Amino acid sequence: MSQQLVDRLIQELESIVLIDPHTHINPHAAASKTLADIMGYHYYTELAHSAGLERSRIEEPGLDPKEKVCRLVGWLGTIENTVQYSWLLEMCREFFDFHEERITPANWETLYDRAAAKMTASDWEAQVLRKSRLEQVFLTNDFDDPLSGFDTTRYVPCLRTDDLVFHLSKPAVRERLLEATGQGAGSAAQLVDAVGKLFAHFMKRGARACAISLPPDFEPVPVERSTVDPVLKALEGGREPSPDEARNVSRFVFWTLAEHCAEHRLPFDLMIGVNRRVYEEGVHQGQDLFDQRTSLIQYRRLFNAFPRVTFPISVLAQVSNQELVSYSWIFPNVVTNGHWWYSNIPAYIELDCRSRLQAVPQTKQIGYYSDMYKLEFALPKFRMYRRILASALASDFVIGRGWSESRAMELGRLVLRGNVERIFPLPR
Amino acid sequence: MSQQLVDRLIQELESIVLIDPHTHINPHAAASKTLADIMGYHYYTELAHSAGLERSRIEEPGLDPKEKVCRLVGWLGTIENTVQYSWLLEMCREFFDFHEERITPANWETLYDRAAAKMTASDWEAQVLRKSRLEQVFLTNDFDDPLSGFDTTRYVPCLRTDDLVFHLSKPAVRERLLEATGQGAGSAAQLVDAVGKLFAHFMKRGARACAISLPPDFEPVPVERSTVDPVLKALEGGREPSPDEARNVSRFVFWTLAEHCAEHRLPFDLMIGVNRRVYEEGVHQGQDLFDQRTSLIQYRRLFNAFPRVTFPISVLAQVSNQELVSYSWIFPNVVTNGHWWYSNIPAYIELDCRSRLQAVPQTKQIGYYSDMYKLEFALPKFRMYRRILASALASDFVIGRGWSESRAMELGRLVLRGNVERIFPLPR
Amino acid sequence: MSQQLVDRLIQELESIVLIDPHTHINPHAAASKTLADIMGYHYYTELAHSAGLERSRIEEPGLDPKEKVCRLVGWLGTIENTVQYSWLLEMCREFFDFHEERITPANWETLYDRAAAKMTASDWEAQVLRKSRLEQVFLTNDFDDPLSGFDTTRYVPCLRTDDLVFHLSKPAVRERLLEATGQGAGSAAQLVDAVGKLFAHFMKRGARACAISLPPDFEPVPVERSTVDPVLKALEGGREPSPDEARNVSRFVFWTLAEHCAEHRLPFDLMIGVNRRVYEEGVHQGQDLFDQRTSLIQYRRLFNAFPRVTFPISVLAQVSNQELVSYSWIFPNVVTNGHWWYSNIPAYIELDCRSRLQAVPQTKQIGYYSDMYKLEFALPKFRMYRRILASALASDFVIGRGWSESRAMELGRLVLRGNVERIFPLPR
C-alpha cells in the first residue's frame, strides 16, 4: 500500500474541523496551566505507578506541580514505548516547541518552564482550540452542575448519570439531588419527578447527550414503581439496601433516564463494561478494569423498548466490538461510538475501525472522541485516529474497492465530523 | 508484499470450479427473476432498515418488486461503505453490464430493466452457474421437503434440523413430521423412528450433510428415553413444555440426529451461536443477533461420543474462532467451516483464515460457503474470500515460508474445493 | 513497509543471547537422541492424530523410535501448512543439513539417520545451545524433584505446583509430598509447613520461579485454616472430597504458595485458562483445550493481596490478551509473559505483541518463552517470534513513530532478554 496515498489522506483528514463528542473537560479551566496538568492525566500516573513509582510519591498532599512532573519524568523511560507516551511527546512538540527524542531528567525542566510560559498567554485556550481545529467540545457534567459561567455553544453540556444510577443510596448523592431539584427521592414518583427536573435544566442549557458508564454485568430491564417504592423509602430512612434492592433501584433509575431521553429526543451514550475499584491501591482514576465476559444481549429489552432513542455505544473490551458492529447493523437505534480507554490503542482501533467501516451503515458511526481532561490532548489523540482511519480508507476503499480518494474522503468526513452533528442534533 | 504476486494468486484461485457447501438456494427457483430478488436479500433490507428505512415500507403486503427496489435504492447511499453493498455492485457489474460507481435514484431504473431483461433468458440459471464457475450447490432443506423435481447432483440436499430440535412442541411441526414420516412423536421410540425415516428419505436422495444452527447456550448431552417419554406424551396432548422439559427434548432430538449421522456416515454441520428474534421489530430474517459468551467446551461430550461423525463447524462470534482452530487441531472429527454471517466481513475473515491456515491440518478446513439465497451471490462472495485467501497465501506462505506459488496454490485449491469433496463424500 | 528494514532488525534480534524463561526440558537429557524425540513432541502427534493417524499407531507400547517417525512422516503431508511443521523443517535445515522442501516417505530415512549420527556427538547438547544462542533454560520441576545432578546455573529450577493445588487428594501426590518433606498434610498447619520445606529446597537450588497452570474457572481467594482442616484430615483417612471441599483445598494451597512466593520474593508464573482431558481419547498431552469465557477479574483479590509478588501471566485464550494488557498497565505486580500454546501462532502473536508494546510499560513484558521439551525447539520457535517482533518494531516504532533502528532495538532487547533477567532475578 502506497505510503504517499495514506499521507495524502492524512493531510485531508487533518484539515477537518472537529466536534469532540465526549470529553471530561472542565469548561472553567479547559486548557492546562502547567505540564503537571498534562502529565497528571491518569494514563501517565497509572503507567508510571505500574512501572514502579509509588502512589504516595504521586499523590502526596500539597505536592508542587513542578515537583510532581519531576517525579514522573524519572519513570518515563519505562513507558516510552506506549502510545500514551507518544501523545505526550506530540503535545510537547506541537505546543511547546520541544524537539528532543525523549523527555529526560536532563531536559524536562526547560520544557516545563517553556510550557508554563506559553500557557500563561491569555489566549492559550483559544490557541489550543485553533491549532487542534476544535470547534466544539462535549462535556461530562455532574447531574447537579449549574452549567453556568461558560459558553455552552462551545462547551456542550452532557448529563452524566453514573451517580444517580449506581450511588443513589449514598446520602451525599441524595442531598445533591435534593439541592439540585428541590425534590426528595423517597418514592418512585418523586424520583421520576426529580429526574425530569434535571433533564429540563440540562435541555435548557443545550445538552446534547445523556451519558453513563456501566459495569459488565449490568442488564437494564423495567422495574415496577411498587417494587422500588419501599426501597426508596427505606433509603430515605438511612437503611443500606440489599444487593437485590440496589440492583432494582439502579434499573429503575436507568429506565427512567431512558424514558426522559425518549421524551427529550436526547441520545443516551452507553459506555459498557467497566468494573470500578478493582485495584484498590491504584492511583486516582487508575483503579478500574474490566471483565471481558459481557454481551450486548443484556441490552435487548432496552433497545427494543426505546426505538426513538439513539444509543451511541462504546465498549471497553475489544472482544465486544463485533457485537457492537452487529447490533449497529441490525438495530436502527444503536450507533458505534469511538474507541474507549483500554481499546483506544492502535492495534485494536485498526481492527475495530475496519470492521465498522465494512459492516455498519456509514451514517451510524461516530469515529472518535478524545475522552480528554485537558484540551491539549485532542490533537495527538485525534491524530492517532486520523492516521488509522486514513490507512483503512486507503487499503479497504481506494485500493480494495477502487474508490477515488475524494470519495474515500467523503466517508472519512462523515465518520469524523458529519455524523456527530447529525446524531447529536442541536436542540430544537 | 507485492501486489502482482497477490493478483497472480487471485487469478489462479478464480479458475477453480466450485462446490458451494452451504446455501439457502431454492432449487426450483435458483436464480433471480428481478433485481428485487437480489436486493430483497436480508442483508440489504436489514442494513437499509438499520439506516432508517421503515420496515413497513419494505414489507408492505403486495408490494411490487420494482417499487421495492426503488424504495431500497433511496437508502443505498447510507450503506455504500459496507462490504455487502460491494457485493451488490459487483453482481450488477458482472451480470448486468452496470459500470457506474454507485446505484442511485437516477440510474437504478435502467439497471432494473436491463437486469430483468437478462433474467428472462431461458438459460439464465445456467449462465450464472457458468460465469460463477459453480458446479454444485448444497441446499438447506426442511425435514419434510419431498426433494423432488430438481437435479440432486447439482443441487445437493442437506437435512436442516432446527425445527425438529427447537420447535417440536409446535403443533405445526408435529403435523409436518407426521405427514412426512407417517409416524407420530408421542414417545422417544416413535421419535427415533421418525428421525430414522427422514434420514432414509434424505440419504436416498443423495443428501450429503445434516445441518443445524444453535443458540449460544446450547449444550448437547445425552438424555434418557425415560426422561423425555412423559414430555413427548404431554406434547401430544397439547400441553406446553416447561423450559426444562423443552431443553431435554431439544437435547434428546439433537443426540438422536447425531446417532443417525453416525449410522449413515453423514457429516453434521453445526452453526453455533445465534440468538433468534433479538430485535423483534426487525425485518424478515433481520432479527437475529448473538451473545459472544459461548464456548465449544459445551460440545465436549458430543465430540467424544461420536468419533465417527465429522462436525464441520461455523461460529457466529469472531471471538470463537480461536476455539474452533484449537478444537480442530485436537479433535479428529472437528473441521473448520467457512465464515458465517456476522463474521463474514474481510477484517474478520483475514484473521480467521490466517489462523486456520497456520494451525489446523490442511485437510480439515472448508474455506468458504456462500450462504446465498439466490445464485448470483456466489460470485461476489467467493471472490471476496478468494482475494483474502490469496493475500494470506502470499504473505504467510510464499513470502513468509519461501513456498513456490504453485505449492501455495495446492493449499488454496484444497481449502477452496478439494476438502469439500473429501469431507462431504458422495453417498456410497 | 520496507522488507530490508525488517530484515536488518531480524538480524539484530538474532544476535541476542537468550534466557528461555519457561520450558519442559529434562536437564538430564536436554537434547534429542533421535528424530523421534523431536517428532514425538505432542504438537506433531496431536496434529497427525487430528488429521487421521490412530492414537494406537503412535502410542504402541515398545514402539521403535525409527518406526514411530516413519508412521508420523506418512501424515506430515496433511499438516505441512501449519506453523508447527515449519518449526520441524527449520530444525532439520539448521541442525541436520536437510534442504528439501518437504519431509516425505522418500527422504525421511536419510534424514533420520543423519540426525541420529549428529546427535551421538558427545557435545551435541552444547552444539545446540551454541547454535541457538541459548544461555540459560528455565525448567518445570515437580515439587519433589531432587534438583541434583545437573548444572542449575544453566538449567534453572522452577517449582511447578499443579499437583499440589489440584491433585492433593490423590494418595500418590500425598505420598510424594511426605517423601519430599518428611511431613504429612493432615492439617492446614502441616501443609503450610510442607510447602515451606519445598520452597526452602528449591530456593537453595537457585529456583527463580514458582509456576502453575490453571483452569478457566479458577478464582483464588483466601480460605480459613479451620475450613480446610477437617477436609485435610478426611483426605488423610482416604475419603474423596466433595467438589466444594476440593475447591477449598485448591484455593488454600494456592494462597499458601503465594504467601511463600512473597516471603522468598519468588515470581509466581500463572498460566491461565486450560481445561485438562477434554478429548479423552487424545494422544499423550493432546487432550487439553479451553473455555474462552474466563477473566483476570477472577484474580483481583490475589493481585491486591500480594503487591510484592510479581505475577508473570500467560493466557491460553487469545481473547484474554487485552485483559492481560490492561491488568499489566494497571497492576504493578502483573507482567505479560510470552505467547502460550494455542495462542502461539503468528496471526495471534502479531496482534498480542503489538498491543503489549503499545500499552504496557516496556519493563513489564517478557516477550517469549519456548515451552519446549527438547532443546532443538528453541531455535525455530524464538526465530518465529523474532520475525514478528522485528515486524512490529519496524511498523509501529521505526516507521510509525520515527524511532531510529538502534532505539527500536533497545526495546527489542529489553523484551527479549533484559526483562527476563530483571523480573526473575538471581536469588540473593
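For clarity, every value in this text was computed on a predicted model and none was experimentally measured.

Asker: Kindly report on the overall build of chain A, identifying the contributing residues and their values.
Answerer: When helices and strands are tallied, chain A shows 18 helices and 11 strands. Taken over the C-alpha trace, chain A has a radius of gyration of 22 Å; the compact-globule value for 428 residues is 22 Å, and the two agree within 12%. Dimensions of chain A along its principal axes, counting C-alpha atoms only, are 65 × 60 × 40 Å. The buried share of chain A, reckoned over its 428 residues, is 63%. For chain A, restricting intrachain contacts to residue pairs at least 6 apart in sequence, the fraction spanning at least 24 positions comes to 76%. In the form shown here, chain A has an accessible surface area of approximately 15100 Å², with 48% of it arising from carbon and sulfur atoms. Across chain A, the 49 positively charged side chains and the 55 negatively charged ones have centroids separated by 5 Å.

Asker: Describe in detail the relation of the copies chain B and chain C, supporting the description with residues and values.
Answerer: After a rotation of 120° and a shift along the axis of 0.0 Å, chain B superposes on chain C with an RMSD of 0.0 Å. Overall, the copies show the geometry of a three-fold rotation axis. With a heterologous cut-off of 20% or less, the 10% of interface residues of chain B that recur at the interface of chain C puts this contact in the heterologous class.

Asker: Give me the interface of chain B and chain C: which residues, what numbers.
Answerer: How big an interface is tends to be expressed through the accessible area that disappears when the partners come together. Tallying the contact residues gives 39 residues for chain B and 45 residues for chain C. When residues of chain B are sorted by the area they lose upon contact with chain C, B:Gln322, B:Trp329 and B:Ile330 head the list and together hold 23% of the total. Taken together, the links from chain B to chain C amount to three salt bridges. Put simply, C:Glu350 and B:Arg354 hold a salt bridge, and the shortest N to O gap is 2.8 Å. Connecting chain B to chain C are 31 residue pairs in polar contact (both at pLDDT 80 or more). Contributing elements (two or more residues each) for the side of chain B that touches chain C: α14 (300–305), α15 (321–330), α16 (346–359), α17 (378–401) and α18 (405–423) of chain B.

Asker: Describe the side chain of A:Ser213, and please don't skip the residues or the numbers.
Answerer: Residues and elements named next belong to chain A. Of note, Ser213 is situated in strand β5 (residues 209–214). By relative accessible area, which is 2% here, Ser213 ends up buried. A polar contact of 2.5 Å, which involves the side chain of Ser213, links it to the side chain of Asp162. For Ser213, the side chain forms a polar contact with the side chain of Arg276, separated by 2.6 Å. Contact partners of Ser213, with chain neighbours within four places excluded, come to Arg160, Asp162, Phe166, Met271, Val274, Arg276 and Trp340.

Asker: So what's going on with the nonpolar core? Residues and values would help.
Answerer: Counting 456 residues, the largest nonpolar core has A:Leu270, B:Leu270 and C:Leu270 as its most contacted members. The contact partners of A:Leu270, leaving out residues within four places of it in the chain, are A:Ile212, A:Leu214, A:Phe254, A:Tyr299, A:Leu302, A:Phe303, A:Phe311, A:Pro312, A:Ile313 and A:Ser314.

Asker: Describe the pattern of salt bridges, listing the residues and the values that go with them.
Answerer: Inspection of every chain in the model, using the stated rule, returns 88 salt bridges over all chains. Between C:Glu60 and C:Arg71 there is a salt bridge, and its shortest N-O distance comes to 2.8 Å. Of this pair, C:Glu60 sits in the loop between α4 (55–58) and α5 (65–76) while C:Arg71 sits in helix α5; the two residues are 11 residues apart in sequence, bridging distant segments of the chain. Within this structure, A:Glu14, A:Glu90, A:Glu94, A:Lys131, A:Arg383, A:Arg386 and A:Arg387 form a network of salt bridges that share partners.

Asker: If you had to explain the interface of chain A and chain C to someone new, which residues and values would you point to?
Answerer: If you look at the interface, chain A gives 45 residues, while chain C gives 39 residues. Around 3500 Å² of area is buried between chain A and chain C when both sides are counted, 53% of it from carbon and sulfur atoms. Per-residue buried area on chain A facing chain C is highest for A:Ser50, A:Asn81 and A:Gln292; these three make up 18% of the total on that side. Our count for the contact surface shared by chain A and chain C stands at four salt bridges. At the junction of chain A and chain C, the tally comes to 32 residue pairs in polar contact (both at pLDDT 80 or more). Looking at the side of chain A that touches chain C residue by residue, the class counts come to 20 nonpolar, 13 polar and 12 charged.

Asker: Break down the pairing of strand β2 (residues 134–138) of chain B for me, citing the residues and quoting the values.
Answerer: Residue and element names in this part refer to chain B. The element β2 is extensively covered by neighbouring structure, given that four of its five residues are classed as buried. In this structure, strand β1 (residues 18–20) lies alongside β2, joined through three bridges in parallel fashion. If you follow Ile19 over to β2, its bridge partner there is Gln136. Relative to strand β3 (residues 155–156), β2 runs parallel, the two being bridged by two bridges. Paired with Val137 across the strands is Tyr155, a residue of β3.

Asker: Which residues make up the environment of A:Pro21, and what are the values?
Answerer: Following the sequence through the fold, A:Pro21 ends up in the loop between β1 (18–20) and α2 (35–39). In the structure, A:Pro21 is positioned 137 residues away from A:Cys158 in sequence and 9.5 Å away in space, judged by C-alpha atoms.

Asker: Outline the environment of B:Gly238, supporting the account with residue identities and numerical values.
Answerer: All names here are of chain B. When you line up the elements, Gly238 lands in the loop between α12 (225–236) and α13 (243–264). The exposure class of Gly238 is exposed, given its relative accessible area of 63%. It is 40 Å that separates the C-alpha atoms of Gly238 and Leu324, two residues lying 86 residues apart in sequence.

Asker: Help me get a handle on the sheet that holds strand β2 (residues 134–138) of chain C, residues and values and all.
Answerer: Residues and elements named next belong to chain C. Pairing within the open sheet is parallel, and its three strands lie in the order β1-β2-β3. Edge positions in the sheet fall to β1 (18–20) and β3 (155–156), since each has one partner strand and no second. Each of β1 and β2 is contacted by helix α18 (residues 405–423), which is oriented at about 60° to β1, the strand it contacts most.

Asker: Residues and numbers for the packing of aromatic side chains, please.
Answerer: Across all of its chains, the model carries 90 aromatic pairs over all chains by this definition. Judged by centre distance (5.0 Å) and plane angle (10°), the ring pair of B:Tyr368 and B:Tyr385 falls under stacked. Note that B:Tyr368 is positioned in the loop between β11 (365–366) and α17 and B:Tyr385 in helix α17, a separation of 17 residues in sequence. One exposure class covers both B:Tyr368 and B:Tyr385, and it is buried. Of note, C:Arg407 hangs over the ring of C:Trp403, and the distance from its end group to the ring centre comes to 4.0 Å.

Asker: A description of helix α15 (residues 321–330) of chain C should follow, citing residues and the corresponding values.
Answerer: Among the 10 residues that make up α15(C), 10 are buried, leaving the element largely enclosed by the rest of the structure. For α15(C), the set of buried residues is C:Asn321, C:Gln322, C:Glu323, C:Leu324, C:Val325, C:Ser326, C:Tyr327, C:Ser328, C:Trp329 and C:Ile330.

Asker: An account of the pairing of strand β10 (residues 334–337) of chain B is needed here, citing residue identities and associated values.
Answerer: Residues in a regular strand point their side chains to alternate faces of the sheet. Residue and element names in this part refer to chain B. By the alternation rule, side chains of β10 split into Val334 and Thr336 and Val335 and Asn337, which are all buried. Across three bridges, the pairing between strand β9 (residues 311–315) and β10 is parallel. Note on β10: the bridge partner recorded for Phe311 is Val334. Regarding topology, α15 serves as the crossover connection from β9 to the parallel β10, and that connection is right-handed. As defined by bridge partners, β10 adjoins β11 across two bridges and the pair is classed as parallel. Looking across to β11, one finds that Asn337 is bridged to Ile366. Traced from β10 through α16 to β11, the parallel crossover comes out right-handed.

Asker: Before we move on, could you go through the sheet that holds β2(B) and cite the residues and values that matter?
Answerer: Consider a sheet: its strands pair through backbone hydrogen bonds, and that pairing is either parallel or antiparallel. With respect to topology, three strands assemble into an open sheet ordered β1-β2-β3 (chain B), the strand pairing being parallel. The open sheet has two free edges, formed respectively by β1 and β3 of chain B, since each of these has just one partner strand.

Asker: Explain the packing of α15(C) against helix α16 (residues 346–359) of chain C to me, using residue names and the numbers behind them.
Answerer: Residue and element names in this part refer to chain C. Where α15 meets α16, the closest approach of the two axes is 10 Å, and the angle between their N-to-C directions is 20°. Looking at the two axes, α15 sits roughly parallel to α16. Along this stretch, α15 crosses α16, giving a crossing that reads as right-handed. Along the contact surface, α15 presents Asn321, Leu324, Val325 and Trp329, while α16 presents Asp352, Ser355, Arg356 and Ala359.

Rules behind the numbers
Residues numbered from 1 in each chain as written. Chains lettered and ligands numbered in written order. Predicted model: local features only at pLDDT ≥ 70, side-chain atom pairs only at ≥ 80, totals over all residues. Heavy atoms only, no water. Helix = DSSP H or I, 4+ residues; strand = E, 2+ residues; numbered from the N terminus. Rg over C-alpha atoms; globule rule 2.2 N^0.38 Å. Buried < 20%, exposed > 50% of the residue type's maximum accessible area, 1.4 Å probe, protein only. Contact = heavy atoms within 4.5 Å. Areas by Shrake-Rupley, 256 points an atom, 1.4 Å probe, with all protein chains shown as cover. Lys, Arg positive; Asp, Glu negative; His and termini not counted. Charge placed at Lys NZ, Arg CZ, Asp CG, Glu CD. Least-squares fit on C-alpha atoms with pLDDT ≥ 70 in both. Buried area = accessible area lost by both parts, 1.4 Å probe. Salt bridge = Lys/Arg side-chain N within 4 Å of Asp/Glu carboxyl O. Polar contact = N/O pair within 3.5 Å; in protein donor to acceptor, adjacent residues only side chain to side chain. Core = buried A, V, L, I, M, F, W, Y, C linked by side-chain atoms within 4.5 Å. Nonpolar A, V, L, I, M, F, W, Y, C, P; charged D, E, K, R; others polar. Pairing = 2+ DSSP bridges. Axes fitted to C-alpha atoms, helices over the stretch in contact; angles between N-to-C directions. Phe/Tyr/Trp six-rings, centres within 6.5 Å; stacked < 30°, edge-to-face > 60°. Lys NZ or Arg CZ within 6 Å of the ring centre and 35° of its normal. Right-handed = clockwise from strand over helix to strand, strands pointing away. Parallel < 35°, antiparallel > 145°, perpendicular 65-115°, else oblique. Left-handed = near helix turned anticlockwise from the far one by under 90°.

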